[in-house]
Amino acid sequence: MLLAVDTSTQTIGIALYENPCVIGELLWQSKNHHTVELTSTVKELMNRCGVEPDALSLLICALGPGTFTGLRIGLAFIKGLALSLHIPVIGIPTFDILAAAMEPSEFPLLCVLPAGRSRLAVSWYKCNEKVWQQDRGPFVKTPEELSDEISGPTLITGEMTPAERQIIGRKWKNAMITSPADSTRRPALLAELGWQRWQEGQRNDPISLAPIYLHVADPIPE
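Please read all numbers here as calculations on a predicted model, not as lab measurements.

### Side note on the environment of leucine 98
With respect to the helices and strands, leucine 98 occurs in helix α3 (residues 94–100). Judged by relative accessible area, leucine 98 falls into the buried class, the value being 2%. For the pair formed by leucine 98 and isoleucine 212, sequence separation is 114 residues and the distance between their alpha carbons is 15 Å. Among all residues touching leucine 98, those that are not within four sequence positions of it are Cys111, Val112, Leu113, Thr157, Gly158, Ser183 and Arg185.

Structure below.
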C-alpha cells in the first residue's frame, strides 16, 4: 500500500494506492491552509478506506516546482512519516504528473504551474516512443512571454487562471489548451508514477530529498 501526496500549489491531492487499484483519492483547494489540513485529511482518508498506518509500505511526494510553503509542508510531512514508519520514499517532479496525463502526440507539450507574482513555471516536453520526456526547462515566464514563445501547434496543460488562459490562448491556431478538468493534477496518477518508478528501481533518501524551487526575482526599479 502506498500513499501519494501533492502539495505543490494551493491545489492539494492525496491518494492511497495498491497496485493495480486506487483505494482512495481526495483533491481540494487549500487556500494556504496546508499545515492545518494535510495531516487531518490524510487520517480521514485512511480511516474511510480502513487503512492502518502500518499497512503503508511506500510514500510518494510531488517535488515541485510550486509554492515554497506548500512544497516544504508536503515534503516535511512525507519525511516525518517515512522516518517514523521506516518505509521508503520516491519524489516525482510535479510537471511529470501533468505530462503523464496527456495522450502521446507529435506536437510538443507545455506544462504550466503558478509561480507567484503573476508569473508561471513552465517546462517543455516531447513524446519519445509514446512516453513524454522533459525537453526544456523549467523556466519562469509571464503569460505574455509564454504566448510570444509559442510558434507552432503546442499542447498546453496545467494550473492557469482564466486570465492566463486567455492571454496564452491568443495564439488560437497553435495554443491547444486542455480544459480545466483535464489539466487537474490527479494524486492517483502521482501514485501510479511512483509505483512505476519503484518497479524500475528508483529510490530516494528521505533525509536528502529536496523540493524543486524556482527563484522569481523582484523587478529591478527603473
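### What to know about the nonpolar core
Leu3, Ile14, Leu16, Leu38, Leu56, Leu59 and Phe77 are the most contacted members of the largest nonpolar core, which totals 26 residues. Counting only elements with at least two residues in this core, the list comes to β1 (2–6), β2 (11–18), β3 (21–29), α1 (34–49), β4 (58–62) and α2 (68–85). Per-element accounting of this core gives the leading share, six residues, to α2. By size, the runner-up hydrophobic cluster in this structure holds 12 residues, among which are Ala4, Leu58, Ala62 and Leu190.

### Concerning the sheet that holds strand β9 (residues 154–158)
Two orientations exist for strands paired in a sheet by backbone hydrogen bonds: parallel and antiparallel. Read across the sheet, five strands follow the order β8-β7-β6-β9-β10 without closing on themselves; strand pairing throughout is mixed. The strands lining the two open edges of the sheet, one partner per strand, are β8 (131–141) and β10 (175–177). Strand-to-strand twist in this sheet, taken as the mean axis angle between neighbours without regard to direction, amounts to 30°. Relative to β9, strand β6 (residues 109–116) runs parallel, the two being bridged by four bridges.

### Structural notes on the side chain of serine 123
Among the structural elements, serine 123 can be located in strand β7 (residues 119–128). Take serine 123: its relative accessible area is 0%, and that puts it in the buried class. A distance of 3.1 Å separates the side chain of serine 123 from the backbone oxygen of arginine 136, its partner in a polar contact. With near-sequence residues (within four places) excluded, serine 123 lies in contact with Phe95, Leu109, Leu110, Cys111, Gln134, Arg136, Gly137 and Pro138.

### Some thoughts on the layout of surface pockets
The calculated volume of the largest pocket comes to roughly 300 Å³. Contributions of two or more residues to the lining of the largest pocket are made by β3 and α5 (162–168). Looking at the lining of the largest pocket, its residues break down into five nonpolar, nine polar and three charged. Computed from the structure, the second largest pocket encloses a volume of approximately 260 Å³. Listing elements by their share of the lining of the second largest pocket, those giving two or more residues are α3, β8 and α6 (187–199). At four residues, the largest contribution of residues to the lining of the second largest pocket is made by β8. Here the residues of the lining of the second largest pocket sort into nine nonpolar, two polar and four charged.

### Topic: the pattern of salt bridges
Applying the stated rule across the entire model yields nine salt bridges. Note that glutamate 25 and arginine 186 form a salt bridge whose closest N and O atoms lie 2.7 Å from each other. A residue pair is termed long-range when its members are at least 10 positions apart, and glutamate 25 in strand β3 and arginine 186 in the loop between β10 and α6 qualify at 161 residues. In this structure, glutamate 149 and lysine 141 form a salt bridge, with 3.2 Å as the shortest nitrogen-oxygen distance. Accessibility expressed as a relative area gives 25% for glutamate 149, which makes it partly exposed. Overlapping salt bridges bring together Lys126, Asp135, Arg136, Lys141 and Glu149 as one network.

Parameters at a glance
Residues numbered from 1 in each chain as written. Predicted model: local features only at pLDDT ≥ 70, side-chain atom pairs only at ≥ 80, totals over all residues. Heavy atoms only, no water. Helix = DSSP H or I, 4+ residues; strand = E, 2+ residues; numbered from the N terminus. Buried < 20%, exposed > 50% of the residue type's maximum accessible area, 1.4 Å probe, protein only. Contact = heavy atoms within 4.5 Å. Core = buried A, V, L, I, M, F, W, Y, C linked by side-chain atoms within 4.5 Å. Pairing = 2+ DSSP bridges. Axes fitted to C-alpha atoms, helices over the stretch in contact; angles between N-to-C directions. Polar contact = N/O pair within 3.5 Å; in protein donor to acceptor, adjacent residues only side chain to side chain. 1 Å grid on protein atoms, 1.4 Å probe; cavity = no way out; pocket = protein on both sides within 12 Å on 5 of 7 lines; lining within 4 Å. Points joined across faces, edges and corners; volume = space filled by probe spheres on them. Nonpolar A, V, L, I, M, F, W, Y, C, P; charged D, E, K, R; others polar. Salt bridge = Lys/Arg side-chain N within 4 Å of Asp/Glu carboxyl O.

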